[in-house]
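# A structural walkthrough
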Amino acid sequence: QVQLVESGGGLKQPGGSLRLSCAASGSIFGTYTMNWYRQATGKERELIATRHSGGTTTYADSVKGRFTISRVNAQNTVYLQMNALRPEDAAVYCCRLQQGEVGYWGQGAQVIVAT
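Quick summary incoming for the structure in this document. (Residues numbered from 1 in each chain as written. Predicted model: local features only at pLDDT ≥ 70, side-chain atom pairs only at ≥ 80, totals over all residues. Heavy atoms only, no water.)

## Section: the sheet that holds strand 3 (residues 18–26)
Here we have four strands laid out as an open sheet, ordered 1-3-8-7, and antiparallel in their pairing. Looking along the sheet, the strands with just one partner apiece sit at the ends: strand 1 (2–7) and strand 7 (67–72). Averaged over all pairs of adjacent strands, the angle between their axes in this sheet comes to 15 degrees, without regard to strand direction. Bridge count between strand 3 and strand 8 (residues 77–82): six bridges; the pairing is antiparallel. Bridge pairing in strand 8 links Cys22 to Val78. (Pairing = 2+ DSSP bridges. Helix = DSSP H or I, 4+ residues; strand = E, 2+ residues; numbered from the N terminus. Axes fitted to C-alpha atoms, helices over the stretch in contact; angles between N-to-C directions.)

Structure representation (structure tokens):
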């Protein structure tokens, strides 16, 4: 019904920047909230950024001040701009679209931060 496709993952050096994209398609009607999660090897999945339907954003303390979530409404696309990358940012990043109690997951994008 709704499909999410992440792109933009890859390898970056510490201190570098990377932008992830999440393109949503399908039966999308009305407003929705977009989220970015990440899960590093051996760790639990972590909610790191949310763009609420009203336009406000929230961030986990671990990424606050370095990551920015934004949305292009016409394309149903959400971005995650990651700056000042640290090795601990390495993880699989997944986007999630949520409308009320219904949510949809993307496949995930691998991010590696290493010298």
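## Considerations on the packing of aromatic side chains
Given two aromatic rings, their pairing is described by the distance between the two centres and the angle made by the two planes. Enumeration according to the criterion identifies one aromatic pair in this entry. Looking at Arg19, its charged tip hangs above the ring of Tyr79, at a distance of 4.2 Å from the centre. Seen from the ring of Tyr32, Arg71 lies directly overhead, with NZ or CZ sitting 4.4 Å from the centre. (Phe/Tyr/Trp six-rings, centres within 6.5 Å; stacked < 30°, edge-to-face > 60°. Lys NZ or Arg CZ within 6 Å of the ring centre and 35° of its normal.)

## Some words on the side chain of Arg66
Among the secondary structure elements, Arg66 is positioned in the loop between strand 6 (57–59) and strand 7. Exposure remark for Arg66: the relative accessible area of 8% places this residue in the buried category. A polar contact is formed between the side chain of Arg66 and the side chain of Asp89, at a distance of 2.7 Å. Setting aside residues up to four positions removed in sequence, Arg66 forms contacts with Gln81, Met82, Asn83, Ala84, Leu85, Arg86 and Asp89. (Buried < 20%, exposed > 50% of the residue type's maximum accessible area, 1.4 Å probe, protein only. Polar contact = N/O pair within 3.5 Å; in protein donor to acceptor, adjacent residues only side chain to side chain. Contact = heavy atoms within 4.5 Å.)

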